[in-house]
Amino acid sequence: FQVFNAKTSELLSHHQVEIMQKFPKEGWVEQDPKEILSSVHECVEKTCEKLQQLNIDITNIKAIGVSNQRETTVVWDKTTGEPLYNAIVWLDLRTQATVDRLLKKIPGKNKSFFKLCLGLPQPRYRTLRLAWLNFMTLASAHLTSMPRSLWMAFLPSSSLTGGKNGGVHCTDVTNASRTMLFNIHSLEWDPELCQFFDIPMEILPKVRSSSEIYGLMVCFLCKSGALTGVPISGCLGDQSAALVGQMCFQDGQAKNTYGTGCFLLCNTGQKSVFSEHGLLTTIAYKLGRDKPVCYALEGSVAIAGAVVRWLRDNLGILKTSQEVEKLAAEAGTSYGCYFVPAFSGLYAPYWEPSARGIICGLTQFTNKNHIAFAALEAVCFQTRELLDAINKDCGVPLNQLQVDGGMTNNKVLMQLQSDILCIPVVKPSMPETTALGAAMAAGAAEGVGIWSLNPGDLTAVTCERFEPQINPEESEFRFARWKKAVMKSMDWATPDISSNGKPE
């Protein structure tokens, strides 16, 4: 939970709690919905305490915005308020095998069947997670002879989900656009798609704009009741929130967020641009009920910061995630070593689930420093793939890249990124642009009006700039070697073989 000054965009206070991820099976990633809710309670309470210690009156908090990890899905009983299963996280792969089965239902097995109304190239995991949850909960209700009234959300927050005591059950257009159930042009749930995926429309939340008053904070969210009655007036999926926080309001402006994965979004304005190079068309934001919807092209990379955690937790060559910068700096080069971290396949622009991670170009001289450097370089190469695709789709190459996210504190990574892209990389001094974007949407909402989003009124943000330090020829050579390594990672995964020797 973070509190910003609406006039200066200054971060006044914050508190954060790490949420545990569960891995019950290979490829399965879950979180406890009650733990998510509890973490919200704790963060609100602790932040209010810190503000009081700074002699800042918490009654000055005029609005609350919510940002979330898109596509993480949870279903609960609206009568009891109890979740019926863990939240299934966006990285989860349990429904991968179902994609091929669904493709057989599409006329002509055309993978672009969904593209025009959804902006997504083919059915992927997010809606199938909901179908999986729906099947599991309905099966449970049948077995216990208890009819259940279900609600679901792609936004696991405590105050936009209704609950047993009533309230508001809603989401915004940016989150809805990632479900494969929402028409990004009509801005409505699509009955035909819901029927295709066997999702009952009555469990879906109402879809609102990204900036309007949805309701008021209730006292149970904060033990002291300090924020009771404060409007909740901003709601954005994390990557859209970062786009707003980076103030990318003009056509052609783009940002790249470095977290567990990498997400490069390019604002295409009120025109939905459909990619011919493996990107997604998504809703960037709709900043008010009567405001126009703006679209973006998005490239997604599954493994970015996660590769550093893998070096730490699986290989044990790091004691802390921060140590990777020191090791990479000591090496100064990968010495011909290339790392493709396709732990769960490759996302954009390949969309190749059969790919698996490889490290190639190893020699007897290779050591952990070179591998650390190659891991960081892999993040930069993957971003280069996304940038090349966006440049081709938009027709106008980006002349700089705005960046944010936890990994941007790594100066070696940021310099590598500029070298690989051959353009400047610009990092804001306040990297929490996702939270800032949610705050801006909340403060700008009609009925709140404390934060102007007019370009002339936006506060200039202090930035650190990284310029390319190698020649383009060297960059192209290294990138070509990377692409050669990517090709070697393809078609690696095969169907599991059961005990009778037959594919499962």
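Rules and cut-offs
Residues numbered from 1 in each chain as written. Predicted model: local features only at pLDDT ≥ 70, side-chain atom pairs only at ≥ 80, totals over all residues. Heavy atoms only, no water. UniProt positions renumbered as here; feature names shortened; annotations may be inferred. Buried < 20%, exposed > 50% of the residue type's maximum accessible area, 1.4 Å probe, protein only. Helix = DSSP H or I, 4+ residues; strand = E, 2+ residues; numbered from the N terminus. Pairing = 2+ DSSP bridges. Axes fitted to C-alpha atoms, helices over the stretch in contact; angles between N-to-C directions. Contact = heavy atoms within 4.5 Å. 1 Å grid on protein atoms, 1.4 Å probe; cavity = no way out; pocket = protein on both sides within 12 Å on 5 of 7 lines; lining within 4 Å. Points joined across faces, edges and corners; volume = space filled by probe spheres on them. Nonpolar A, V, L, I, M, F, W, Y, C, P; charged D, E, K, R; others polar. Core = buried A, V, L, I, M, F, W, Y, C linked by side-chain atoms within 4.5 Å. Phe/Tyr/Trp six-rings, centres within 6.5 Å; stacked < 30°, edge-to-face > 60°. Parallel < 35°, antiparallel > 145°, perpendicular 65-115°, else oblique. Polar contact = N/O pair within 3.5 Å; in protein donor to acceptor, adjacent residues only side chain to side chain. Arc of directions from axis to C-beta.

- With an unreviewed UniProt entry as reference, the protein is termed glycerol kinase, source organism Eolophus roseicapilla.
- The protein has a UniProt comment under Pathway (unreviewed entry) that states "Polyol metabolism; glycerol degradation via glycerol kinase pathway; sn-glycerol 3-phosphate from glycerol: step 1/1."
- Comment text from UniProt for the protein, heading Sequence similarities (unreviewed entry), reads "Belongs to the FGGY kinase family."

1. Comments concerning the pairing of strand β14 (residues 254-258)
- The element β14 is largely enclosed, with a buried count of five among its five residues.
- Judged by which residues are buried, β14 turns out to be covered on both faces: Ala 254, Asn 256 and Tyr 258 on one side and Lys 255 and Thr 257 on the other are all buried.
- The hairpin turn running from β14 into strand β15 (residues 262-269), its antiparallel successor, is three residues long.
- When β14 meets strand β20 (residues 401-404), the two strands line up parallel, connected through three bridges. The residue of β20 that forms the bridge with Lys 255 is Gln 402.

2. Describing the sheet that holds strand β4 (residues 64-68)
- An order of β4-β13-β12 is seen for the three strands of this open sheet, with the pairing classed as mixed. Edge positions in the open sheet fall to β4 and β12 (211-216), since each of these has one partner strand only. Shown here is a sheet whose adjacent strand axes are inclined to one another by a mean of 40°, direction ignored.
- Pairing of β4 with strand β13 (residues 231-237) involves five bridges; the strand directions are parallel. By the bridge assignment, Gly 65 is partnered in β13 with Gly 234.
- Against the sheet, helix α7 (residues 238-245) makes contact with β4 and β13, and its axis sits at roughly 105° relative to β13, the strand it touches most.
- Docked against the sheet, helix α12 (residues 433-444) engages β4, β12 and β13, running at close to 135° with respect to β13.

3. Some remarks on empty space enclosed by the protein
- Scanning the model with the defined rule gives one cavity of 30 Å³ or more in all.
- The computed volume of the largest cavity comes to approximately 100 Å³.
- Lining the largest cavity we find 14 residues, and of these Val 301, Leu 346, Tyr 347, Ala 348 and Gln 382 sit closest to its centre.
- Looking at the lining of the largest cavity, the elements with two or more residues in it are α10 (368-394) and α13 (472-489).
- Partitioned by chemical class, the residues of the lining of the largest cavity number 11 nonpolar, two polar and one charged.

4. Some words on the nonpolar core
- Ranked by internal contacts, the top residues of the largest apolar core, which has 93 residues, are Tyr 258, Tyr 285, Leu 376 and Met 440.
- When residues of this core are assigned to their parent elements, the largest contribution, 14 residues, is made by α10.
- If near-sequence neighbours (up to four positions away) are discounted, Tyr 285 is found in contact with Thr 174, Ser 210, Leu 236, Leu 243, Val 244, Cys 248, Phe 249, Asn 267, Pro 292, Val 293 and Cys 294.
- The next biggest cluster of nonpolar side chains, apart from the first, holds 17 residues, and it includes Leu 102, Ile 199, Ile 203 and Leu 204.

5. Here's the deal with the environment of Pro 455
- Along the chain, Pro 455 turns up in the loop between α12 and β22 (463-466).
- Accessibility expressed as a relative area gives 62% for Pro 455, which makes it exposed.
- With 208 residues separating them in the primary sequence, Pro 455 and Met 247 have C-alpha atoms 8.5 Å apart.

6. Focus: the packing of aromatic side chains
- Scanning the model with the defined rule gives 12 aromatic pairs in all.
- When the ring of Trp 310 is compared with that of Phe 339, the centres are 5.7 Å apart and the planes differ by 65°; the resulting orientation is edge-to-face. Note that Trp 310 is positioned in helix α8 (residues 305-315) and Phe 339 in strand β18 (residues 338-340), a separation of 29 residues in sequence.
- Joined through ring pairs, the aromatic side chains of Tyr 338, Phe 381, Phe 479 and Trp 482 make up one cluster.

7. Some remarks on the packing of α7 against α12
- As a packed pair, α7 and α12 sit with axes 7 Å apart at the nearest point and diverge in direction by 80°. Put simply, α7 runs roughly perpendicular to α12. Only Thr 433, Thr 434, Leu 436, Gly 437, Ala 438 and Met 440 of α12 make contact with α7, whose side of the interface consists of Asp 238, Ala 241, Ala 242, Val 244 and Gly 245.
- For the contact of α7 with α12, the residue count by class is six nonpolar, four polar and one charged.

8. Observations regarding the environment of Arg 178
- On the secondary structure map, Arg 178 appears in the loop between α5 (173-176) and β9 (182-183).
- Taking relative accessible area as the criterion, Arg 178 reaches 3% and is therefore assigned buried.
- Placed 105 residues apart in sequence, Arg 178 and Ile 283 show a C-alpha to C-alpha distance of 8.6 Å.
- Only 3.1 Å separates the side chain of Arg 178 from the side chain of Glu 71, close enough to count as a polar contact.
- For Arg 178, the side chain forms a polar contact with the side chain of Glu 298, separated by 3.0 Å.

9. Points about helix α9 (residues 323-331)
- Listed as buried for α9 are Glu 323, Val 324, Leu 327, Ala 328 and Ala 331. One side of α9 holds all its buried residues, which, seen down the axis, span an arc of 130°.
- Check the buried side of α9 and you find it contacts α8, α10 and α11 (411-421).
- In the stretch just after α9, Gly 332 is the one whose phi turns positive, near 75°.

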